[in-house]
Amino acid sequence: MPTEYILAYHCAPAFAGIKPCNIASCSKRENPNITVQIKMLNEKLNKNDIYIDVLCECGERVLVMVYRKQKLCEYLQREDIKSFLCDNGYPKEFSLTKYLAILKSRIYAQRLMNKEFPHEIGAFLGYPLHDIYGFINHKHQGCLLTGEWKVYENTEQAKKLFCRYNKCRKAVIKRINEGRTLTDLFCIA
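Worth saying up front: this structure is predicted, and the values here are computed from it rather than measured.

Visitor: Any details on the overall build of the protein chain? Residues and values, ideally.
Guide: On a plain count of helices and strands, the protein chain comes out with 9 helices and 5 strands. Ordered by position from the N terminus, the helices and strands of the protein chain form the series α-β-α-β-β-α-α-α-α-α-β-β-α-α. Across the 189 residues that make up the protein chain, the buried fraction comes to 42%. Total accessible area computed for the protein chain in this model is approximately 10,400 Å², and 51% of it derives from carbon and sulfur atoms. Side chains of the protein chain carry 29 positive and 20 negative charges; the gap between the two charge centres is 3 Å.

Visitor: Break down the side chain of Asn31 for me, citing the residues and quoting the values.
Guide: Looking at the secondary structure, you find Asn31 in the loop between strand E1 (21–27) and helix H2 (34–45). Contact partners of Asn31, with chain neighbours within four places excluded, come to Met1, Pro2, Thr3, Ile6 and Gln37.

Visitor: Please give an account of the sheet that holds strand E2 (residues 50–57) that cites residues and values.
Guide: A sheet is described by the order of its strands in space; here 3 strands give the open sequence E1-E3-E2, paired in antiparallel fashion. Edge positions in the sheet fall to E1 and E2, since each has one partner strand and no second. Between one strand axis and the next, the sheet turns by 25° as a mean value, whatever way the strands run. For E1 and strand E3 (residues 61–68), the ladder comprises 7 bridges, and the chain directions are antiparallel.

Visitor: If you had to explain the pattern of salt bridges to someone new, which residues and values would you point to?
Guide: Within the structure shown, the criterion is met by 7 salt bridges. Where Lys104 meets Asp53, a salt bridge forms, and the shortest distance between an N and an O atom there is 3.0 Å. Taken together, the residues span a long stretch of sequence, with Lys104 in helix H5 (residues 96–112) and Asp53 in strand E2 at a distance of 51 residues. By relative accessible area, which is 24% here, Lys104 ends up partly exposed. Here Lys159 makes a salt bridge to Glu156, at a shortest N to O gap of 3.5 Å.

Visitor: I'd love a proper account of the packing of helix H4 (residues 79–87) against helix H7 (residues 129–138), names of residues and values included.
Guide: Look at H4 against H7: their axes get within 11 Å of each other, and the N-to-C directions meet at 25°. The orientation of H4 with respect to H7, classified from their angle, is roughly parallel. Between H4 and H7, the residues in contact are Asp80, Ile81 and Phe84 and Leu129, Ile132, Tyr133 and Ile136, respectively. Split into classes, the residues belonging to the contact of H4 with H7 amount to 6 nonpolar, no polar and 1 charged.

Visitor: Can you explain the nonpolar core? Please cite residues and give values.
Guide: One finds Met65, Leu76, Leu85, Leu96, Tyr99, Leu103 and Phe124 to be the most contacted residues of the largest nonpolar core, which totals 35 residues. Mapped onto this core, the elements with two or more residues apiece are E2, E3, helix H3 (69–76), H4, H5, helix H6 (121–124), H7 and helix H8 (155–177). The dominant element in this core, judged by the number of residues it contributes, is H5, at 6 residues.

Visitor: So what's going on with H4? Residues and values would help.
Guide: Those residues of H4 not exposed but buried are Ile81, Phe84, Leu85 and Cys86. At the C-terminal side of H4, Gly89 shows a positive phi close to 95°.

Visitor: Residue-level account of the packing of helix H1 (residues 3–16) against H2, with values.
Guide: At a minimum axis distance of 12 Å, the contact between H1 and H2 shows a crossing angle of 45°. By the angle between their directions, the pair H1 and H2 is classed as oblique. Pair H1 / H2 crosses with right-handed handedness. Of H2, the residues touching H1 (which contributes Thr3, Glu4, Leu7 and Phe15) are Ile34, Gln37, Leu41 and Leu45. Looking at the contact of H1 with H2 residue by residue, the classes come out as 5 nonpolar, 2 polar and 1 charged.

Visitor: Which residues make up empty space enclosed by the protein, and what values go with them?
Guide: Here the structure, examined in full by the defined rule, presents 1 cavity of 30 Å³ or more. By volume, the largest cavity amounts to about 40 Å³. Along the walls of the largest cavity sit Pro128, His130, Asp131, Trp149, Glu153, Asn154, Gln157, Ala158 and Leu161, which together make up its complete lining. Every element with two or more residues in the lining of the largest cavity is listed here: H7 and H8. Looking at the lining of the largest cavity element by element, the count peaks at 3 residues for H8. Here the residues of the lining of the largest cavity sort into 4 nonpolar, 3 polar and 2 charged.

Procedures and definitions
Residues numbered from 1 in each chain as written. Predicted model: local features only at pLDDT ≥ 70, side-chain atom pairs only at ≥ 80, totals over all residues. Heavy atoms only, no water. Helix = DSSP H or I, 4+ residues; strand = E, 2+ residues; numbered from the N terminus. Buried < 20%, exposed > 50% of the residue type's maximum accessible area, 1.4 Å probe, protein only. Areas by Shrake-Rupley, 256 points an atom, 1.4 Å probe, with all protein chains shown as cover. Lys, Arg positive; Asp, Glu negative; His and termini not counted. Charge placed at Lys NZ, Arg CZ, Asp CG, Glu CD. Contact = heavy atoms within 4.5 Å. Pairing = 2+ DSSP bridges. Axes fitted to C-alpha atoms, helices over the stretch in contact; angles between N-to-C directions. Salt bridge = Lys/Arg side-chain N within 4 Å of Asp/Glu carboxyl O. Parallel < 35°, antiparallel > 145°, perpendicular 65-115°, else oblique. Nonpolar A, V, L, I, M, F, W, Y, C, P; charged D, E, K, R; others polar. Core = buried A, V, L, I, M, F, W, Y, C linked by side-chain atoms within 4.5 Å. Left-handed = near helix turned anticlockwise from the far one by under 90°. 1 Å grid on protein atoms, 1.4 Å probe; cavity = no way out; pocket = protein on both sides within 12 Å on 5 of 7 lines; lining within 4 Å. Points joined across faces, edges and corners; volume = space filled by probe spheres on them.

As structure tokens, this is what we get:
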């Protein structure tokens, strides 16, 4: 599947600015020039505060994060989110560059040990803290709904968000299928 389609499908809410960030995994075999494609997209999208950052890669895949820099910074500096991240070893002094470097190193370490993602990735992805704690403390027990994430409280609010993300995804994919590009859709002239 082409890189732009993968990014559009998995990251539409972040591109549109309705979610702090999204992640997507891209096959290097299907997209051998993925790092060049990401660089070219960043050259155009960064001007509109949209960034595509490689979180980790192996011989077969590249895991990327799409985010609007200002939105992600504002979200990560919310008192509750920042406190959660500090409790999980992130510095009190906020720096997006440092926070992303820590996240990347933890993802890489977890992947080396064949473990799941570090739990704090949920904070970067905009998951509600009560659901992050629910997953950390209970895994599958007590999960009320599964969608973009595992929901442990406020199912109605989560359903509305999931619906909003899906509508956004469908709208972006429709335009990609019509021949538009991510830069067509998200770069303001």
